[in-house]
Amino acid sequence: MPLDMLVSGRVATFAGDAGFGWAEAIGIRDGKVAFAGSAVDLESRADPHTRRIELEPGEIALPGIIDAHIHLVDTALAVDHVDLSTAPTLEAAMAIVRAAAERVAAPEWLVGFGWDQRRWGVYPSADDLERVAPGRLVSLWSFDHHSLLASRAAMAAASIDASTPEPAGGVIRRAADGSPDGVLLENASGLVIDQIPQPEAEDIRRALIVLGRRLLEVGVVGAHEPGSLAADPSNRILDLYADMAGAGELALRIRAGVQDDGLDNAIERGLRSGAAIGGSDATWLAMGWLKLFADGTLGSRTAALLEPLEGGGGTGILTTPPEALASLAARAADAGITTQIHAIGDAAVRAALDAVAPTAGAATHMPRLEHIQLCHPDDRRRFAGLGVAASVQPIHLREDAATARRDWGARAESGGYTWKSLLDAGAVVAFGTDAPVVPIDPWPGIALAVLRHDPTWGTEVPPYGPHEAVTLEQSLRAATVGVATTARDRLGGRLVPGSPADLIVLPAAPRASDDGAERAAAWAEVRPRLTMVGGEVAFER
Ligand SMILES: [Zn+2]
């Protein structure tokens, strides 16, 4: 049978457990890799109808990136939101809010993200919002989406006042007289978020189509979606994905999960990890994981720690009690749904490992921990021992390095962001971005994992825990085959016979043979010349 397409040049197949698995060419038929090997071998199988993609000298082809952790809906919708992520000061941020209030008429909500009290040296407050958007409904996520700044009107809509008790796993920041100051930490943010009207399905759909194109442009061909940040007890978003899959509107392959508010509905509907959603083709749209939260974040000082923060400041927040994590994971596992748990501090990592351990053997997907920014050395080998995957986002270290050094002291570099140690201990490591908390571009994180340094730090800041640097090959594998492996997919993220023909062609500049730091920096800015999904060229520059 003739081939539909022949890609020849230097092709990294990621066959086997290590190495690039270079091949001279791959042949593609019916959307899958049919053969990989020498160009001469494959030439004999081509015929005049076979399309040929010949790589330029220096170019390489490799499996397309699969983002292990991207909130697709939130990322898609964030394009229209108030973006404070580059505002250098509180005053600059308030000017942005004022402009948004003039653009968007009341009674519409003003929603946005990106404030950072570390950058501004001060927490924003509802009083600040009142000055620039008086009487308006305002809801602004912090940079890490773990704290919310709400206006007085937004708090009134959520019935938050001086008499409101602290919600479980959350904190309402208050003035001396007990009145709320507008900042809601962790689970307290849900009080306001639940009041914001959800966008129409059609608006989400349009935004997702645009996002899909942007992802293909940076070389992302697959996404693991850990549920959207808004409440979705009836899993409407899964229905929307299924609709889009049916209409051929998914630009990339999606594994979509649910959060705990959607678990009952997912069980009722018989959704199982790895299985199709609705009538979808499971290779394009499959059920992902149940996403739970063990703790908060480093930046909000709510990551759960075994030892207190340096200089006092407590041990953070276990946002879901460990017993509840375990019982939810067990309930999901009984229904065929595997669990992933957000765990940033070392106490959260330990609690999350304990919670998923009893379910690991029977799970369809590998149970996963998400983020793992601080991990006690004793817990590293438990990942491989239990069969739990480590899903991490190298790019978080770009913003976190200074805070981690300050808040975690000596622990920061011995136990923080220890991707090499996890690999050395046999863990399956998967890379992702965590957009919309950070941009969708996977490449700065892939480079950072190799360099342990980011260009934005300047040369005077030394690399962070340089002994934890991975090789370029390990970094690329973690962003492709590592991600697929967490779904127990043996063919995804590779270009071996039977693999989906999902690949990218990268230009000459970053040569894959260059594992040195000086060349790894070039990978932070790389852009594919071509992105192929299912054997179709989906993007070409
Ligand atoms: Zn996330």
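Starting from 1, residues in each chain are numbered consecutively following that chain's sequence as written. It should be noted that, the model being predicted, local features are given only for residues of pLDDT at least 70 and side-chain atom pairs only at 80 or more, the latter also being counted only at that level, while totals for whole chains, interfaces and linings use all residues.

1. Overview of the sheet that holds strand β8 (residues 110-115)
Strand pairing in a sheet takes place through backbone hydrogen bonds and is either antiparallel or parallel in direction. Our working rule: Following DSSP output, two strands are said to pair if at least two bridges run between them. Under the DSSP-based scheme used, a helix requires at least four consecutive residues in state H or I and a strand at least two consecutive residues in state E, with every element numbered from the N terminus.
Taken together, 6 strands build an open sheet; the order of strands is β7-β8-β9-β10-β12-β11 and the sheet is mixed. Edge positions in the sheet fall to β7 (82-83) and β11 (170-174), since each has one partner strand and no second. Here 4 bridges tie β8 to strand β9 (residues 138-142), and the two strands are oriented parallel to one another. Among the inter-strand pairings, G112 is bridged to a residue of β9, identified as L140.

2. Structural notes on the pairing of strand β3 (residues 32-37)
Of the strand pairs in this sheet, strand β2 (residues 22-29) and β3 are connected by 5 bridges, and their pairing is antiparallel. Residue pairing for β3: A25 is matched across the bridge by G37. Between β2 and β3, which pair antiparallel one after the other, the connecting turn spans 2 residues, and D30 there sits at a positive phi close to 55 degrees.

3. Here we look at the domain arrangement of the chain
Selection criterion: What fixes the domain bounds is an automatic or database domain assignment.
Assigned domains of the chain: these are domain 1 (5-64 + 497-540), domain 2 (73-193) and domain 3 (294-434). Domain 1 and domain 3 are separated by 34 Å when their C-alpha centres are compared.

4. A closer look at helix α17 (residues 443-451)
Since there are 3.6 residues in each turn of an α-helix, residues three or four apart along the chain are aligned in direction. The following threshold applies: With C-beta atoms placed from the backbone, a residue is labelled by how many other C-beta atoms lie within 10 Å of its own: buried for 20 or more, exposed for 12 or fewer, partly exposed between the two.
In terms of burial, α17 is largely enclosed, as 9 of its 9 residues are buried. Listed as buried for α17 are W443, P444, G445, I446, A447, L448, A449, V450 and L451. Just downstream of α17, R452 is the residue with a positive phi angle, here 55 degrees.

5. Notes on the pairing of β11
Strand direction decides the pairing type here: β11 and strand β12 (residues 180-186), joined by 4 bridges, are antiparallel. Its bridge partner lying in β12, G170 is registered against E186. Where β11 folds back on β12, the antiparallel hairpin that results is connected by 5 residues, among which G178 adopts a positive phi of roughly 90 degrees.

6. Remarks on the sheet that holds strand β13 (residues 220-225)
The line we're drawing: Here, axes are lines fitted to C-alpha atoms. For helices the fit covers the stretch in contact, and angles between N-to-C directions go from 0 to 180 degrees.
The strand order across the open sheet built from 8 strands is β6-β13-β14-β15-β16-β17-β18-β19, with neighbouring strands paired in parallel fashion. This sheet does not close on itself; its edge strands, each paired only once, are β6 (65-67) and β19 (429-431). Going across the sheet, the axis of each strand differs from the next one's by a mean of 25 degrees, ignoring polarity. Strand direction decides the pairing type here: strand β14 (residues 253-259) and strand β15 (residues 285-293), joined by 5 bridges, are parallel. Looking across to β15, one finds that Q259 is bridged to K291.

7. Let's talk about the environment of T86
Tracing the backbone shows T86 in the loop between β7 and α3 (90-103). Assessed through the 10 C-beta atoms surrounding it within 10 Å, T86 is described here as exposed. Considering only alpha carbons, one finds T86 and R119, 33 residues apart in sequence, at a separation of 9.7 Å.

8. Re helix α9 (residues 236-246)
Note the cut-off: Think of the arc as the fan of directions from the helix axis to the C-beta atoms. Distance between backbone-placed C-beta atoms decides contact: two residues are in contact if it is within 7 Å.
Within the sequence span of α9, burial applies to I237, L238, Y241, M244 and A245. For α9, the angular spread of buried residues about the axis comes to 120 degrees, placing them on one side. Those residues of α9 that are buried lie in contact with α2 (72-78), α8 (201-217), β14 and β15. Looking one or two places after α9, you find G248, whose phi comes out positive at around 70 degrees.

9. Some remarks on the environment of S391
Along the chain, S391 turns up in strand β18 (residues 389-392). Each C-alpha atom, one on S391 and one on F431, is 5.9 Å from the other, the two residues being 40 residues apart in sequence. For S391, the residues in contact, after removing those within four places along its chain, are A68, H69, Q340, R368, L369, E370, A430, G432 and T486.

10. What about the nonpolar core?
Heads up, the condition is: Each nonpolar core comprises buried Ala, Val, Leu, Ile, Met, Phe, Trp, Tyr and Cys residues, the members being joined through C-beta atoms within 7 Å.
In this structure, V97, L252, A294, A348, A352, A390 and V429 are the most contacted members of the largest nonpolar core, which totals 180 residues. The biggest single contributor to this core is helix α12 (residues 346-356), with 8 residues. Ignoring sequence-local partners within four residues, the contact set of A390 consists of L369, I372, F383, L422, A427, V428 and V429.

11. Overview of unusual backbone geometry
Cis geometry is found at the peptide bond from A106 to P107, where omega equals 5 degrees. As for its position among the elements, P107 is in the loop between α3 and β8. Positive phi outside glycine occurs at N235, with the angle close to 50 degrees. On the secondary structure map, N235 appears in the loop between β13 and α9. Although it is not a glycine, D434 sits at a positive phi angle of roughly 75 degrees. Among the secondary structure elements, D434 is positioned in the loop between β19 and α17.

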